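Observations on chain architecture
Residues per chain, in single letters:
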Amino acid sequence: MSTRTDALDTLVYGVDVQSGDVRGDAPAYALCVFDGEPVERASVSYHKLLRRIQTAEPDLIATDNMYELAADKDDLVRFLRRLPPDTTLVQVTGDERPEPLSRVANRHGVPYDSDPMSEAEAAARLAARNVGAAVRAFTDRTTVKVSRGRSIGKGGSSEDRYTRRIHGHVKTEARRVGSALEEAGLDYERDVTEKYGGFSNAVFTVEAPVSEIPVSGGRSGDTRIEIEPVKRDGVDFEPLVTRRDRVFVGIDPGTTTAVGIVDLDGSPLETWHSRTADMATVIKWIIERGRPILVAADVTPMPETVEKIRRSFDAAAWTPARDLPVDEKLHRTRNASTANDHERDALGAALFAHDEYADTIQRVVEKLPPDVDREAVVGEVIAEETTVEAVLRERAESTAESSSESGAEPPEPSPEQVRIRDLETQVERLQSHVEDLKVRLDEKDSTIEDLQNRLSSAKREERTEARSRREVSKLQWENNRLKGELEEERRAREDLEAKLERLKELWKLDHSNFSDVDQAGDLTSVKMIEKFTVESIEAADEAFGIATGDVVYLRDASGAGRRTAERLIEYEPGLVLRNGGISDVADRLLFEHKVPVASADLVTIQEVDELAVAREADVTAAIEDWEERARERLHSKNAAMVDQLISEHRADRRDADPSELLDS
């Protein structure tokens, strides 16, 4: 931001379109070269204007509309990129909402006419007075790119050596650039792309504007250096100078000095802190941001450092009746942004001081005539601790003395002249108020339109989302219903498949396959069970069913226990053929439940696909053999029981008394 106060040492180019249009072909521009006074007026083409700017490197290029030099934002960025590093484009009519050039010129007392050359001169004079906003498209950061200056193509047998040499030169040049930046004390970040033999490119992002970069761009041998400023997200505006309005200043001294500034309306403007700044730096920072009419501290009495700064501005002093508590400062600064406790304390002091003088400021403003500088009178009333009437009287006396010293006796105005003057003042004030109201009305209309558009968009989105939610709910419900139906169909299919398998097995027994084997009609089916376990029994039952009276073949009869034997007994098989030995528990349970058990060796078993068959005669013989063995087993068991009873009876008689035996 510029701190210039006059244009004596400033070269300004005032520019205005004379004919044509930048969006068309060959526009012509009115150019006014201003260096304290107009030194040249000329009509130039667009390209000649650019050449003169690049050659003369003026401080400012002034125009009433930046889009007279560029067709759109992208074209404007390209134009700004072509300007010298220290040349600034200024739109003298303001920032995003420019005013008419005539109004700005009249407000600042600059001669103005409607022809292009007069407009160019008016723009130059206004920019020289620091009126307007600087157009910014780039930040204060710069990229320096070191890359290959030659193409790497087909190099025959020496291609590798050629490539390695170029990449080595790029790496060497990148190191030179980095050393130059470090010697200049500039902070930077480096991003390199390593290739065979060195770097293909190296990009330095430097925390400095282009004018401070200590290296030059261009191509040299195998390398090329490109220097470009870092582009902003958009086009921004910055005022050429900051208005130095009357302000309240709060200072928090100490190891870290902090300053807070508040305007006459009580709005926080800016805060700042530093650990290294001396008193001169603090005073300079305050001067750049306003004219202090009061300096405040958050403790009492006022610290010596704050008192010295106050005296340097000849401002009023304010301290609280007692040191301000932290909670009160936190509450008072809750809507302001501060970086640390020091800035909070400084801003809190300024805000509390303004609170104490708020009524005084309001009374002064109400008593002031419309043509009097409000801030100047408020500043005098507070700084000199006087009244508004005394200030106005002193100003009137000073004006009268100035008139008398000039030797001219001011004529007494007639009542008509007084009336005309009052009406003109009133009209000027009302016109200014109307302009302000129009601006506010346009802003409100724009805000209303924007809000209406956002509301309509939000309603459309809400309706779309509601429809989507309804569709999603409907589809989810339909999906759940179909999933239920699918699960039911799956279970029904599984049941039908199981039934089909059983029917197949029965069909095999009753039809072709079984008939092929049962030529004599004396075969019976055998249900195969792999192992004498509960799982194998249930698997066989699920596969082809086990019915009462069926012949069951245990491929492996070993290892069965009580539970397994009981599970097999539940099916009431007609005969159990076993392969291998059977456990005593299983044998006893099967015998007790009269389930015939025979060795598979006694029956000839033939397998047909998943089924097996045996001759009924063999099955009958096996059953009869078991029955014979069962009778013998039962007879042996009964004989054993009789022998046991006789033995127990004899033992009881031996133990009895002889007299009891005689009595018996």
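Preceding this paragraph is the structure being described.
I will try to describe carefully the structure that is included in this document. (Residues numbered from 1 in each chain as written. Predicted model: local features only at pLDDT ≥ 70, side-chain atom pairs only at ≥ 80, totals over all residues. Heavy atoms only, no water.)

**A word on the pairing of strand β11 (residues 246-252)**
For clarity, the threshold we go by: Exposure categories follow from relative accessible area, calculated using a 1.4 Å probe and restricted to protein chains: below 20% of the type maximum is buried, above 50% is exposed, and the middle band is partly exposed. Strands here are runs of E lasting at least two residues and helices are runs of H or I lasting at least four, both read from the DSSP assignment and numbered beginning at the N terminus. For two strands to be treated as a pair, DSSP must find no fewer than two bridges joining them.
Of all 7 residues in β11, 7 are buried; the element is thus mostly enclosed. The two faces of β11 match: R246, F248, G250 and D252 on one face and V247, V249 and I251 on the other face are all buried. Here β11 runs beside strand β12 (residues 257-263); their pairing, made up of 6 bridges, is antiparallel. Of the residues in β12, the one forming a bridge with D252 is A258. Between β11 and β12, which pair antiparallel in sequence order, lie 4 residues; one of them, G254, sits at a positive phi of approximately 135 degrees.

**A word on the nonpolar core**
Across soluble globular proteins, nonpolar side chains show a tendency to be buried alongside one another. Spelled out, the test is: Only buried Ala, Val, Leu, Ile, Met, Phe, Trp, Tyr and Cys residues count toward a nonpolar core, and they belong to the same one when joined by side-chain atoms within 4.5 Å.
Within the largest apolar cluster, 29 residues are counted, with the highest numbers of intra-cluster contacts made by Y29, L49, L76, F79, L80, L89 and V135. Elements supplying a minimum of two residues to this core: β1 (12-19), β2 (28-34), β3 (38-45), α1 (46-56), α2 (73-81), β6 (133-148) and β10 (223-239). With 25 residues, the next largest nonpolar core counts F248, I361, L368 and V377 among its residues.

**Remarks on the packing of aromatic side chains**
Rule in force here: Here the aromatic set is Phe, Tyr and Trp, taking the six-membered ring for Trp, and pairing holds for ring centres within 6.5 Å; pairs whose planes are under 30 degrees apart are stacked, those over 60 apart are edge-to-face, and all others are tilted. Either the NZ atom of lysine or the CZ atom of arginine qualifies as a charge over a ring when it sits within 6 Å of the ring centre and within 35 degrees of the ring normal.
By the definition in use, this model includes 6 aromatic pairs. Taking 5.5 Å as the distance between ring centres and 65 degrees as the angle between the ring planes, the aromatic pair formed by Y188 and F204 counts as edge-to-face. With Y188 in strand β7 (residues 188-195) and F204 in strand β8 (residues 198-206), the pair connects residues that are 16 residues apart, well separated along the chain. Look at F204 and you get buried, because its relative accessible area is 0%. Both rings, one in F248 and one in Y357, keep their centres 6.3 Å apart while their planes meet at 50 degrees; by these two values the pair is tilted. Of the two residues, F248 sits in strand β11 while Y357 sits in helix α9 (residues 341-367), which places them 109 residues apart along the sequence. A relative accessible area of 0% places F248 in the buried class. Grouped by ring-pair contacts, the aromatic residues Y29, Y46 and F79 constitute a single cluster. Geometry around F591 places R633 over its ring, the cationic atom sitting 4.2 Å from the centre.

**Observations regarding the pairing of β6**
Of the strand pairs in this sheet, strand β5 (residues 88-91) and β6 are connected by 2 bridges, and their pairing is antiparallel. What sits directly across from V90, in β6, is A134. For β6 and β10, the ladder comprises 12 bridges, and the chain directions are antiparallel. Considered in β10, the bridge of A134 is made with E238. Pairing between β6 and β8: 6 bridges, direction antiparallel. Bridge pairing in β8 links V144 to F204.

**Details of the environment of E375**
Formally: In this description, contact between two residues means that some pair of their heavy atoms is separated by no more than 4.5 Å.
With respect to the element layout, E375 can be found in helix α10 (residues 374-383). Separated by 128 residues in the primary sequence, E375 and V247 place their C-alpha atoms 9.1 Å from one another. Once you skip the residues sitting within four places of it in the chain, E375 turns out to touch D245, R246 and L264.

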